[in-house]
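Chain residues, written in single-letter form:
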Amino acid sequence: MEDKRRRARVQGAWAGPIRSRGASHSAVGSQCSGIHNLPASIGEPRGSKEQSVAKLQFVFKEPAEVTRRVPEPRVIDKAGVYDISTSAAGVSRLRVFPSFIVPKEADWMFEQLQKEIPWSQKTNFRQDGFYQEPRLTAWYGELPYTYSRTMMQPNPHWHPLLTMLKDHIEEVTGYTFNSLLCNLYRNDKDSIDWHSDSEPSLEKCPVIASLSFGDTRTFQMRKKPGPEEHGDYTYVERVHIPLDHGALLLMEGATQEDWQHRVPKEYHSREARINLTFRRVFPEHSGMRR
Ligand SMILES: O=C(O)CCC(=O)C(=O)O
């Protein structure tokens, strides 16, 4: 993809002095104290044979065409550890475990979770009013969770399968989690828009463990633009991760500080997908706004 932008640039330049008969303007200037260094043509005595005819010539140049490329997204579809950026905030690191749950077990878990999680559709608020989230959600944790200006009530009644999955993820990753946001994308029309998991209750540099079941959807990431871009995301780096049935994605370090993510709607039909995002919520901030 290429985006050509013609930019207003200086349309010329002052070329160096053209001199005749060896006259040197700088020698004149340096000997005459109190005489300011002026452009050659201004300081010369008129009519002298020995005068310098040094001149500055303005050379016209065509305006430069600046080409900026929209970078192709980096596709991450293999197991591994990926440091996707480094900034003052730190390293943004992803760990991808494509078959964290083997397909046969994942099939059974998907069925259980789809049937037994108390799914509901949440109403959120944004500048242009209230809207229904294009997906179903459920919250587990001793503390409430607030995002997009609405609160999910505490729900300490963990489904045994979710507790088992949390324990397994903690064992493998070495991190501990006390909360879980569950998302059910019913079909290709369901989605989650660009955001970072950066609510105050998660504190700085949260680690998020995201486990997927069901149809594959693309988890898209885009780097937050630098101040010189004035909020324009056109040229930022992007990462696409197809998250399959049973895949675990771990986001660590500065990932939430420096990147946003989303799961967009699809143009082709998709079956249901469940995503479980394990987090650590801190009590002193829970209930605060995003
Ligand atoms: O469904 C996903 O993979 C992402 C979910 C997500 O971004 C979130 O719950 O904050």
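Under an unreviewed UniProt entry, the chain has the name Alpha-ketoglutarate-dependent dioxygenase alkB homolog 3 and belongs to Geotrypetes seraphini. Looking at the Subunit (unreviewed entry) heading of the UniProt record, one finds this comment for the chain: "Interacts with the ASCC complex composed of ASCC1, ASCC2 and ASCC3. Interacts directly with ASCC3, and is thereby recruited to the ASCC complex. Interacts with OTUD4; the interaction is direct. Interacts with USP7 and USP9X." The UniProt entry for the chain carries the following comment under Cofactor (unreviewed entry): "Fe(2+)".

Visitor: Even after reading the chapter, I still don't get the sheet that holds strand E17 (residues 238-243), so can you show me in this structure?
Guide: Note on sheets: strands pair through backbone hydrogen bonds, and any given pair is parallel or antiparallel. Pairing is mixed in the open sheet, where 5 strands are placed in the order E5-E17-E16-E19-E14. Looking at which strands have only one partner, the edges of the open sheet turn out to be strand E5 (74-75) and strand E14 (192-195). Across 4 bridges, strand E16 (residues 217-223) lies against strand E19 (residues 259-263) in antiparallel orientation. Paired with Arg 222 across the two strands is Gln 260, which belongs to E19.

Visitor: Please explain the side chain of Glu 252 as it appears in this structure.
Guide: Among the secondary structure elements, Glu 252 is positioned in strand E18 (residues 248-253). Classification of Glu 252 as buried rests on a relative accessible area of 6%. If near-sequence neighbours (up to four positions away) are discounted, Glu 252 is found in contact with Val 91, Ser 92, Arg 93, Arg 95, Tyr 175 and Val 207.

Visitor: Looking at this structure, I do not really get the side chain of Glu 170. What am I missing?
Guide: Note that Glu 170 resides in helix H4 (residues 160-173). Side-chain polar atoms of Glu 170 contact the backbone nitrogen of Phe 177, separated by 2.8 Å. When near neighbours in sequence (up to four residues on either side) are disregarded, Glu 170 contacts Tyr 175, Thr 176 and Phe 177.

Visitor: Before we go on, may I ask you to explain the site of the ligand in this structure?
Guide: Inspection of the region around the ligand gives 13 residues, with Asn 183, Tyr 185, His 195, His 261 and Arg 273 positioned closest. At a separation of 3.1 Å, an oxygen atom of the ligand approaches a polar side-chain atom of His 261. One nitrogen or oxygen atom from the side chain of Arg 279 is found 3.2 Å from an oxygen atom belonging to the ligand. For the ligand, whose free accessible area comes to 300 Å², the fraction covered by protein is 98%. Here the element with the most residues in the shell around the ligand is strand E20 (residues 273-279); it accounts for 4 residues. When grouped by side-chain class, the residues that make up the shell around the ligand number 5 nonpolar, 5 polar and 3 charged.

Rules of the game
Residues numbered from 1 in each chain as written. Predicted model: local features only at pLDDT ≥ 70, side-chain atom pairs only at ≥ 80, totals over all residues. Heavy atoms only, no water. UniProt positions renumbered as here; feature names shortened; annotations may be inferred. Pairing = 2+ DSSP bridges. Helix = DSSP H or I, 4+ residues; strand = E, 2+ residues; numbered from the N terminus. Buried < 20%, exposed > 50% of the residue type's maximum accessible area, 1.4 Å probe, protein only. Contact = heavy atoms within 4.5 Å. Polar contact = N/O pair within 3.5 Å; in protein donor to acceptor, adjacent residues only side chain to side chain. Near = heavy atom within 4 Å. Areas by Shrake-Rupley, 256 points an atom, 1.4 Å probe, with all protein chains shown as cover. Nonpolar A, V, L, I, M, F, W, Y, C, P; charged D, E, K, R; others polar.

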